[in-house]
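Close look at the chain arrangement
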Amino acid sequence: MSDAQDEIFCCDSLKGAVAELPEPAVPTIYRADNGLLMMVVGLVQTEEGLGYLDQAVMHCPFCGTKLQDAKALAEKVSH
Ligand SMILES: [Zn+2]
(Lines give C-alpha, C1' and ligand atoms only; values in the text may rest on other atoms or scores of the structure.)
Protein backbone atom coordinates (compact mmCIF):
# COMPACT_ATOMS: atom_id res chain seq x y z
CA MET A 1 0.00 0.00 0.00
CA SER A 2 1.02 3.57 -0.52
CA ASP A 3 0.55 6.29 2.04
CA ALA A 4 -2.78 6.91 3.73
CA GLN A 5 -3.60 9.81 1.47
CA ASP A 6 -4.19 7.46 -1.45
CA GLU A 7 -5.99 4.79 0.50
CA ILE A 8 -9.45 6.19 -0.03
CA PHE A 9 -9.26 6.16 -3.80
CA CYS A 10 -10.80 2.96 -5.13
CA CYS A 11 -10.30 3.68 -8.81
CA ASP A 12 -8.44 6.01 -11.12
CA SER A 13 -11.63 7.86 -12.02
CA LEU A 14 -12.19 8.96 -8.44
CA LYS A 15 -8.55 9.77 -7.90
CA GLY A 16 -8.55 11.85 -11.04
CA ALA A 17 -11.68 13.69 -10.02
CA VAL A 18 -10.11 14.67 -6.72
CA ALA A 19 -6.51 15.27 -7.62
CA GLU A 20 -6.17 16.00 -11.29
CA LEU A 21 -8.70 18.67 -12.08
CA PRO A 22 -7.16 21.33 -14.29
CA GLU A 23 -7.13 24.85 -12.97
CA PRO A 24 -9.29 26.82 -12.59
CA ALA A 25 -11.92 24.11 -12.35
CA VAL A 26 -13.71 23.99 -9.04
CA PRO A 27 -13.10 20.66 -7.35
CA THR A 28 -16.46 19.06 -6.77
CA ILE A 29 -14.95 16.17 -4.86
CA TYR A 30 -12.29 16.91 -2.31
CA ARG A 31 -10.61 15.64 0.79
CA ALA A 32 -11.66 17.63 3.84
CA ASP A 33 -9.22 18.60 6.56
CA ASN A 34 -10.67 15.93 8.83
CA GLY A 35 -9.95 13.24 6.27
CA LEU A 36 -13.49 12.85 4.99
CA LEU A 37 -14.10 12.69 1.28
CA MET A 38 -16.62 15.39 0.47
CA MET A 39 -18.60 16.23 -2.64
CA VAL A 40 -20.09 19.61 -3.51
CA VAL A 41 -23.74 19.08 -4.32
CA GLY A 42 -24.85 22.64 -4.79
CA LEU A 43 -24.29 26.31 -4.28
CA VAL A 44 -26.09 28.54 -1.84
CA GLN A 45 -26.35 32.30 -1.72
CA THR A 46 -25.79 33.59 1.79
CA GLU A 47 -25.40 37.02 3.33
CA GLU A 48 -21.67 36.49 3.25
CA GLY A 49 -21.60 35.49 -0.38
CA LEU A 50 -21.73 32.31 -2.37
CA GLY A 51 -21.27 29.16 -0.34
CA TYR A 52 -20.92 25.50 -1.12
CA LEU A 53 -23.26 22.80 0.00
CA ASP A 54 -21.27 19.65 0.41
CA GLN A 55 -21.99 16.15 1.49
CA ALA A 56 -19.80 13.29 2.55
CA VAL A 57 -19.20 10.77 -0.20
CA MET A 58 -20.42 7.41 1.03
CA HIS A 59 -19.88 5.45 -2.16
CA CYS A 60 -17.67 6.08 -5.15
CA PRO A 61 -19.76 7.85 -7.82
CA PHE A 62 -17.77 6.08 -10.54
CA CYS A 63 -17.52 2.45 -9.53
CA GLY A 64 -19.79 2.22 -6.50
CA THR A 65 -17.19 1.05 -4.01
CA LYS A 66 -18.15 1.82 -0.44
CA LEU A 67 -15.67 4.40 0.78
CA GLN A 68 -16.97 5.56 4.11
CA ASP A 69 -19.74 4.49 6.40
CA ALA A 70 -22.12 6.48 8.51
CA LYS A 71 -20.57 5.34 11.77
CA ALA A 72 -17.14 6.56 10.81
CA LEU A 73 -18.59 9.83 9.62
CA ALA A 74 -20.44 10.34 12.88
CA GLU A 75 -17.20 9.92 14.77
CA LYS A 76 -15.36 12.42 12.62
CA VAL A 77 -18.03 15.08 12.32
CA SER A 78 -18.70 16.99 15.49
CA HIS A 79 -22.05 18.59 15.96
ZN1 LIG B 1 -14.24 4.08 -7.58
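This text gives an overview of the structure that appears in the document. All figures in this text were calculated on a predicted structure; none of them were measured in a lab.

The rules behind these values
Residues numbered from 1 in each chain as written. Predicted model: local features only at pLDDT ≥ 70, side-chain atom pairs only at ≥ 80, totals over all residues. Heavy atoms only, no water. Pairing = 2+ DSSP bridges. Helix = DSSP H or I, 4+ residues; strand = E, 2+ residues; numbered from the N terminus. Core = buried A, V, L, I, M, F, W, Y, C linked by side-chain atoms within 4.5 Å. Buried < 20%, exposed > 50% of the residue type's maximum accessible area, 1.4 Å probe, protein only. Contact = heavy atoms within 4.5 Å. Axes fitted to C-alpha atoms, helices over the stretch in contact; angles between N-to-C directions.

Across three bridges, the pairing between strand E1 (residues 29–31) and strand E2 (residues 37–46) is antiparallel. Across the sheet, Tyr 30 pairs through a bridge with Met 38, a residue of E2. In sequence, E1 turns back onto E2 through a hairpin of five residues, with Gly 35 there showing a positive phi of about 95°. Two strands pair when backbone bridges link them, and E2 and strand E3 (residues 49–56) are joined in this way by eight bridges, in the antiparallel orientation. Among the inter-strand pairings, Leu 43 is bridged to a residue of E3, identified as Tyr 52. Remark: two residues form the turn of the hairpin made by E2 and E3, two consecutive strands paired antiparallel.

On to the nonpolar core. Membership of the largest hydrophobic core is limited to eleven residues, which are Ile 8, Phe 9, Cys 11, Leu 14, Ala 17, Val 18, Ile 29, Leu 37, Val 57, Cys 60 and Leu 67. Ranked by the residues each element gives to this core, the list is headed by helix H2 (residues 12–19), at three residues. Residues within four places of Leu 67 in sequence aside, it is in contact with Ile 8, Cys 10, Leu 14, Leu 37, Val 57, Met 58, His 59 and Cys 60. By size, the runner-up hydrophobic cluster in this structure holds five residues, among which are Leu 36, Met 38, Ala 56 and Leu 73.

All right, on to the sheet that holds E2 then. With antiparallel pairing, the three strands of this open sheet are ordered in space as E1-E2-E3. Since the sheet does not close on itself, it has two edges, and those belong to E1 and E3, each with one partner. Neighbour-to-neighbour, the strand axes of this sheet turn through a mean angle of 50°, independent of strand direction. Against the sheet, H2 makes contact with E1 and E2, and its axis sits at roughly 80° relative to E1, the strand it touches most.

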